[in-house]
Each structure stands twice: as structure tokens, then as C-alpha cells.
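Listed below, chain by chain, are the residues.
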Amino acid sequence: MLTIGRLAATAGVTVRTVRHYHHIGLLPEPERDASGYRRYGAQAAVDLIRIRTLADAGVPLARIDALLHAQPDEFAAAITDIDAALRHKIDQLTEYRRRITQLASGETLVLPPDVVALLNRMRGLGISELRVRLERDAWILMRALNPHAMPQRIREKNAGFDDPETTRLYLACDQSVDWDPHDPRLDRLIDDLDAWEITHERDSGRPGLQKLVSSRIAEASPAWRRILEVLAHRAEQRRTAGRGSEAGALVTSDS
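Residues numbered from 1 in each chain as written. Predicted model: local features only at pLDDT ≥ 70, side-chain atom pairs only at ≥ 80, totals over all residues. Heavy atoms only, no water.

> Kindly report on the nonpolar core, identifying the contributing residues and their values.
Core analysis: the biggest nonpolar cluster contains 22 residues, and L7, V18, L27, Y40, L48, I51 and I64 have the highest contact counts within it. Mapped onto this core, the elements with two or more residues apiece are α1 (4-11), α2 (15-23), α3 (42-56), α4 (61-68) and α5 (72-102). With 5 residues, α3 is the single largest residue contributor to this core. Filtering out sequence-adjacent residues up to four positions away, V18 remains in contact with I4, L7, A8, V13, L27, Y40 and L48. (Core = buried A, V, L, I, M, F, W, Y, C linked by side-chain atoms within 4.5 Å. Buried < 20%, exposed > 50% of the residue type's maximum accessible area, 1.4 Å probe, protein only. Helix = DSSP H or I, 4+ residues; strand = E, 2+ residues; numbered from the N terminus. Contact = heavy atoms within 4.5 Å.)

Below is the structure:
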């Protein structure tokens, strides 16, 4: 007769595992002997080894009891079903691995190739990775909220980067990320951005998206937050005067 410790060692499991199998009714728990110990016979050792073998093979514990008492044909059919379920799980895990691998590039997982190309163009122009990531987030939001507008906006963004003045202002905004919000250079940049807004004013048609992107940009830099606030205030003044504007387009990059 075996103690619980010897039984566990014989089957290659822990005492805690044996007790768990007792708790869920998978392995019968013997009565205590006169000394107050539980003693296990050879059948318990055989059953425990079979349980461990099935569990190690991936058979769910909930199905092991039925398999232990199944006839040969029932056992074979159950194993076939379990094997099919495991194959399905393997296929799922393989797909998860494929998608995780794609996450290394981040953008290709959730954005179309022409947007990824645009982001790479920004990198090529010398725009910082922080700004590129914020731009990427704006495109992700746009794809979720207004996907039909993406082709036109992609064309507009590429056309903007064909314009030296637009590119200059992008780079200037990028450089201002660490400036003090009251830096005099920021006032001059705001004036330049406001002039650009007036020249390129258009109805964005995306107030919800613009608000989300603006909040994301504002979180990244106190200087950018001040730019957005001042440009929004000036744009509101122009709208009040009947002159609509897309406030902070170069800062928000609301794709």
C-alpha cells in the first residue's frame, strides 16, 4: 500500500495534483486506516498514471473520467474528437502567431499599404517617430469612423507633402514638441500655421474624428496643446465671421 506521497511520485505528479483529482472526483479517495493515513493500492497507481498520461496529451480533465471507463470503440471515437479539437486549436494558435509577427511592424496589421507608404514617406522627410505614430493613430481612427473618406484624404496628404511650405510647417511643428508653451518661437509658428489654414481652408466634415485626434496630440506635448487651442480659437472667430476653417490641420494631422 502506498502513501499519497509515494503514489504521487509513482505517477510523476505532485501531492497537490492528487488531491485536486480527489476534489473533482477523478480519482477515488480511500478511507483512512487505523493510523489515520490514506493508503493507496496498485489500482490507484494505475488509474493515476492513466489520468496523467491523458492530461499530458491535452485531454480536458472533464473528459478523462469518461475515457477511463469507456469501451475500446468509444475510447477511439472520443480520442478522434479530441484530436480534431486540438488540431483546430493548433490552427488558431498558428494564426495568432502570424498576426503577432505582423505586430512587429505595427502599421501593416491595421492599415492599408497606401497609408503605410505615406507614413514611410513622412519618415523619409525627417519627421519624428513620435509624430509618425500619432499620424498612424489618426489613420486607425479614421478607418474605424470614416473609412470611405480615406482614399481622398490619402491623395490630399500626399499632395501636401509635395508642397515645400506644407512640409516645412510639418517639420517645424515636429521640432516644437519640447518647446515651452510660452516660447516666442511658438507664437511665430502659430501665425505661420494660421496663415496656412486661411490659404488652405476647407470644410473638414470630420468633427468627431478631429476632436479625438486633437486630444491625442494635446496629450503628447504642452506646446502642441497650446497651438491647437490658439488655432481653434482663431478658427472659431473666423467661423463666427462666416469664414469656416479646418483648425490645426497640420498639427492634428486628422488624416
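> Which residues make up the packing of helix α10 (residues 164-175) against helix α11 (residues 184-199), and what values go with them?
Any two packed helices are characterised by the angle at which their axes cross and by the distance between the axes. Where α10 meets α11, the closest approach of the two axes is 11 Å, and the angle between their N-to-C directions is 145°. In this structure, α10 crosses over α11, and the sense of that crossing is left-handed. For the pair α10 and α11, the contacting residues are T166, R168, L169, A172 and C173 in the first and L189, D192, L193 and W196 in the second. (Axes fitted to C-alpha atoms, helices over the stretch in contact; angles between N-to-C directions. Left-handed = near helix turned anticlockwise from the far one by under 90°.)

> Describe the pattern of salt bridges, with residues and values.
Summed over all chains, the structure comprises 17 salt bridges. Here D183 and R185 are joined by a salt bridge, their closest N and O atoms 2.8 Å apart. Judged by relative accessible area, R185 falls into the partly exposed class, the value being 38%. The salt bridge partner of R239 is E236, with a shortest N-O separation of 3.0 Å. On the criterion of helical spacing, the pair formed by R239 and E236 is a turn pair, its members being 3 residues apart in helix α13 (residues 222-240). Exposure remark for R239: the relative accessible area of 38% places this residue in the partly exposed category. For E236, a relative accessible area of 40% corresponds to the partly exposed category. Linked through salt bridges whose partners overlap, the residues forming this network are D191, D194, R234 and R238. (Salt bridge = Lys/Arg side-chain N within 4 Å of Asp/Glu carboxyl O.)

> Explain the packing of helix α7 (residues 113-124) against helix α8 (residues 129-145) residue by residue, including any values.
Running from N to C, α7 and α8 cross one another at 160°; their axes reach a closest spacing of 10 Å. As summarised for this structure, α7 and α8 are arranged roughly antiparallel, according to the angle between their axes. For the crossing formed where α7 meets α8, the hand is right-handed. On α8, the residues that touch V115, L118, L119, M122 and R123 of α7 are E129, R131, V132, E135, R136 and W139. Classifying every residue of the contact of α7 with α8 gives 6 nonpolar, no polar and 5 charged. (Parallel < 35°, antiparallel > 145°, perpendicular 65-115°, else oblique. Nonpolar A, V, L, I, M, F, W, Y, C, P; charged D, E, K, R; others polar.)

> Can you explain the side chain of K157? Please cite residues and give values.
Counting through the fold element by element, K157 comes out in helix α9 (residues 150-162). Judged by its relative accessible area of 5%, K157 is buried. A distance of 2.9 Å separates a polar atom in the side chain of K157 from a polar atom in the side chain of E135. (Polar contact = N/O pair within 3.5 Å; in protein donor to acceptor, adjacent residues only side chain to side chain.)

> Explain the confidence of the model for the chain residue by residue, including any values.
Confidence in the prediction for the chain averages 84 pLDDT; 85% of positions are at 70 or higher. By mean pLDDT, the top-scoring element of the chain is α2 (94), and the lowest-scoring one is helix α14 (residues 249-252) (60). Segment residues 243-247: pLDDT under 50, and 23 contacts once partners within four positions in sequence are set aside and those in other chains are kept. (pLDDT = per-residue confidence, 0-100.)

> Give me the environment of T10: which residues, what numbers.
Tracing the backbone shows T10 in helix α1. By relative accessible area, which is 44% here, T10 ends up partly exposed. Taking the C-alpha atoms as reference points, T10 and L48, separated by 38 residues in sequence, lie 8.9 Å from one another. Leaving out residues up to four positions away in the same chain, T10 has contacts with L2, A45 and I49. A polar contact is formed between the side chain of T10 and the backbone oxygen of R6, at a distance of 2.8 Å.

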